[in-house]
Every structure is written in C-alpha cells, then in structure tokens.
Amino acid sequence: MIRLIWFVLVLCFLSFEINAQEIRRPKNIILLIGDGMGLNYVAANILNDQNSPFKKFTTVGLSITKSIDELITDSAAGATAIATGYRTKNRYISVDTSYNKLYTIFELARKKGLSTGIVVTDDVTGATPAPFFAHINSRYERFDIAKQFINSNLDVVIGGGAKNFLQFSSGGNRPGEVNIMRALVSKGYGFYYDFINLSKSLSSEKIFGLLAKESLPAASKREYTLGNLTSIALNHLNTNEDGFILMVEGSQIDWAGHDTNYVYLLSELEDFSTAVNTALEFAQKDKNTLVIVTADHETGGMTITDGTYTADSLKIEFVNTHHTAGLVGVFAAGPGEDLFKGIYDNYMIGRKIFFLLDDSLEYPFN
Ligand SMILES: [Zn+2]
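Report follows, based on the coordinates. (Residues numbered from 1 in each chain as written. Predicted model: local features only at pLDDT ≥ 70, side-chain atom pairs only at ≥ 80, totals over all residues. Heavy atoms only, no water.)

**Topic: the environment of Y193**
Piece 1. Residue position: Y193 is located in the loop between β5 (189–192) and α8 (195–199).
Piece 2. Take Y193: its relative accessible area is 41%, and that puts it in the partly exposed class.
Piece 3. For the pair Y193 and K213, spaced 20 residues apart in sequence, the C-alpha to C-alpha distance is 9.1 Å.
Piece 4. The residues touching Y193, leaving out its near neighbours within four places in the chain, are M181, L210 and L211. (Helix = DSSP H or I, 4+ residues; strand = E, 2+ residues; numbered from the N terminus. Buried < 20%, exposed > 50% of the residue type's maximum accessible area, 1.4 Å probe, protein only. Contact = heavy atoms within 4.5 Å.)

In structure tokens, the structure reads:
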C-alpha cells in the first residue's frame, strides 16, 4: 500500500514537473531573422568571430523551409510561416491560397495586451517584416502594405522605406490618394528620419523610424548597428508591463548571398550578431525573455571551401544566386526554449510561439 502511495506521489510529482516545463512561458519574445542565413552562414560568423553570439545559445533546432507548393520558398512565404504558423504561396503576405487572412502571432500578442515591434535593415514594407503586420496576396504592393500600418498598431517600427509613406509633393513615391503619414501621426506615432533623433525618442511614445528613403545603407556604410536599433526598440517595448514581441531582421544577409559577395556577407552577419548580442544581454538581465534566432531560407548554397586554420581568411563560394532548400538553424535561449529542439517544418516556429503566447492552446497542433 505504502509502495502504491509512493508510486502515485512520484507520478504526480513527475507530471507536475512536465506541466511546469510545458507552461513555462516568457513575458517577452525577441525573434531575430537572418534573411537567407543558412547553416554555413552561421558557421562563417562563428569561425570569423570567437565571441559569436550563436555559441551562447543553449537550445538548437533545425527548420525545414518550404512554401505551400514549392520546395524553394521566398521571403514572403517564409516569414508568413513564422508569423502565422501556416505555409502559403511564394509572394503572399499572411494570406492563404484563397486570399483569406491568416491570424498572426502579432495579432494574438496585441489581443493579450503585449506590445509589438519590428526592426529591419530593409524597407519596413519588405517581404520579411510585412507578414507580421499586413495581409495581401503580393509582396510587391508596397503602398498597400505601408497603408496597413495604420490599423496594425505596432508600437515600434524601425527601418527604411520612407518613399512608400511620403507623397510625391514631399519627395516620396506615393500617389496622392491617402495621406498615411497624417493617419499614423493621428494614431500617436512620433516620426524619426535619422538615427541621432531616433535615439533621443521618448520611450513612452509609439515610434516610426524611417531612416532612409529606400532600404538602410549596408552595415559598412552606416554609423549605427542593427544592435543599436534593437536597443532603441527594446527601451520602448519594455515599458509595457504585460510584455512584448519584437521581430528583428538582418535583411541584407540575403542580399549579400544573392550578390555572392562574401565581404558584404561577413559584414552583414557581424551587424546581425550585434542585434543578437543586444537581445541576449537584455534577456540575461530581464530573466523573463525568450530569444529566438532563425532564418526564412538559405541563399546561394553558400559554403566555406578553404581558409586558414585560424580563419583569418575564409574562402566562401556559392552554387547559385537564388534561395535553396538547405535547412536553417533555430537558436533559442530563455523561458520556453525547449520547444525549439529538434527538426521541424518552418511553420512550427509560428505555432510554438502561438503556444507560448496563449496557455489555452494545446501543443503540438498539427
Ligand atoms: Zn528571405
């Protein structure tokens, strides 16, 4: 009898342990996407930098990147999978193949009272950030995507692409039918067009930093890092006691891959790693933040074919100038990180985040 009681007690304890592990949810989530950053990109960063932040993660997984009907995904379908938990067609932004809106992790986060933000080195209407705040069947409808910021209520938006917001009369490309700048100002956004002023913005206000007319300059040509921008975003978002979710994109890692330009590539990876470090430092102090780093796909079939033993110089080659189906890494640290172990489809990243945001959801959901 006593044995039986002990057995039941141990069983209860074990199930409590498992449940406790299952429901360990973070207050804040920082999701960093290195666009095109396949595993060899991560290897290049690690070999190049003894202090590479990738080595600091305690959980590593692998993501299978596909769109709904093609083996090779583009950034729109890749980011949609992460933002919604569902695959869609290439070029689609958080809509399914019948153009129905797909519910996003940002929409759930806002419903739960969390703040949301994006920081990118691309145009803020780019194919990777867009699925986090817009729904449309073409990534190329930039003016429409920009307009969708009006109702998406993000708290922080930082990147390039002012031309999609400014009308012709103000030096932009936008046709004159809707003044979205005015609409956004009336929603309470402070607008910033350069880094110095942005860094002086009040942490209590909603901010829109459009630091370039097109995308931001390459990392080697600007005075601030993606880490600096991430830090500004975190200062703003961290004012919400209920928490936040921030998406940071190292957008130009992919462009360097398309250009097969390894000098550009290494410098963009280094810039991205400043953001990863900023996120990890924030999480270490906060103790209630999950940091996830991943990619939407691999670009160029990049590999390291030679170099010195100390990696003073790396010989980097590409097999093509397009995306490939190479697996990408998922690096996680913080409450809920265990969910990101293993090998899974890209849309599972979104589903795991949904699960962490909402304790009424069951896991896994297929
Ligand atoms: Zn991409």
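**Here's the deal with the coordination of the zinc ion**
Around a metal, the perfect tetrahedron of four donors has angles of 109.5 degrees, and the perfect octahedron of six donors has angles of 90 or 180 degrees.
Piece 1. Taken together, the protein ligands of the zinc ion are D35 (OD), S75 (OG), D296 (OD) and H297 (NE2), with distances of 1.9 to 2.1 Å.
Piece 2. Viewed at the metal, the 4 donor atoms of the zinc ion are separated by angles of 101 to 121 degrees, and the geometry they form is tetrahedral.
Piece 3. Taken in chain order, the donor set of the zinc ion reads D-x39-S-x220-D-H. Separated by 40 residues along the polypeptide, D35 in the loop between β1 (28–34) and α2 (39–48) and S75 in helix α3 (residues 75–84) bring together distant segments of the chain. Across the pair, exposure class does not vary: D35 and S75 are buried alike. (Donors = N, O, S within 2.8 Å, 3.2 Å for Na, K, Ca; no water. Tetrahedral: all angles 85-135°; square planar, octahedral: opposite > 155°, others 65-115°.)

**Regarding the packing of aromatic side chains**
Piece 1. Applying the stated criterion across every chain yields a total of 14 aromatic pairs.
Piece 2. Ring plane angle 10 degrees and centroid distance 4.7 Å describe the contact between F195 and Y224, whose orientation is recorded as stacked. Highlighted residues: F195 in helix α8 and Y224 in the loop between β6 (206–210) and α9 (226–237), separated in sequence by 29 residues.
Piece 3. For Y224, a relative accessible area of 8% gives the class buried.
Piece 4. By way of ring pairs, the aromatic residues F133, F149, F165, Y189, F191, Y193 and F208 are connected into one cluster.
Piece 5. We note R351 situated over the ring of Y86; from NZ or CZ to the ring centre the distance is 4.6 Å.
Piece 6. Seen from the ring of Y344, K352 lies directly overhead, with NZ or CZ sitting 4.2 Å from the centre. (Phe/Tyr/Trp six-rings, centres within 6.5 Å; stacked < 30°, edge-to-face > 60°. Lys NZ or Arg CZ within 6 Å of the ring centre and 35° of its normal.)

**Focus: the packing of α3 against helix α12 (residues 347–357)**
The angle between the axes and the distance between the axes are what describe a pair of packed helices.
Piece 1. Running from N to C, α3 and α12 cross one another at 25 degrees; their axes reach a closest spacing of 5 Å. The angle between α3 and α12 places the two elements in the roughly parallel class. By crossing handedness, the relation of α3 to α12 is classed as right-handed. Between α3 and α12, the residues in contact are A81, I82, A83 and T84 and Y347, I349, G350 and F354, respectively.
Piece 2. Broken down by class, the residue content of the contact of α3 with α12 amounts to 6 nonpolar, 2 polar and no charged. (Axes fitted to C-alpha atoms, helices over the stretch in contact; angles between N-to-C directions. Parallel < 35°, antiparallel > 145°, perpendicular 65-115°, else oblique. Left-handed = near helix turned anticlockwise from the far one by under 90°. Nonpolar A, V, L, I, M, F, W, Y, C, P; charged D, E, K, R; others polar.)

**Thoughts on a nonpolar patch on the surface**
Piece 1. The grouping of L39, L327 and I343 at the surface amounts to a nonpolar patch, some 260 Å² of accessible area in total.
Piece 2. Following the sequence through the fold, L39 ends up in helix α2.
Piece 3. A residue is classified by how much of its surface remains accessible, and L39, at 37% relative accessible area, is partly exposed. (Patch = residues over 30% accessible without salt bridge, like charges linked within 9 Å, V, L, I, M, F, W, Y side chains within 5 Å. Areas by Shrake-Rupley, 256 points an atom, 1.4 Å probe, with all protein chains shown as cover. Salt bridge = Lys/Arg side-chain N within 4 Å of Asp/Glu carboxyl O.)

**Re the sheet that holds strand β8 (residues 289–294)**
Piece 1. Pairing in this open sheet of 10 strands is mixed, and the strands run β5-β6-β4-β3-β7-β1-β8-β13-β2-β14 from one edge to the other. A single partner strand is all that each edge strand has here, and the edge strands are β5 and β14 (342–345). Sheet twist, expressed as the mean angle between neighbouring strand axes with direction ignored, is 15 degrees.
Piece 2. Where strand β2 (residues 59–64) meets strand β13 (residues 328–333), 5 bridges bridge the pair, whose relative direction is antiparallel. Following the sheet pairing, T59 is matched in β13 by A332.
Piece 3. The sheet strands contacting helix α11 (residues 262–286) are β1, β3 (115–123), β7 (244–250), β8 and β13, and the helix crosses β1 at an angle near 165 degrees.
Piece 4. Here α12 sits on the sheet in contact with β1, β2, β7, β8, β13 and β14, set at roughly 100 degrees to β14. (Pairing = 2+ DSSP bridges.)

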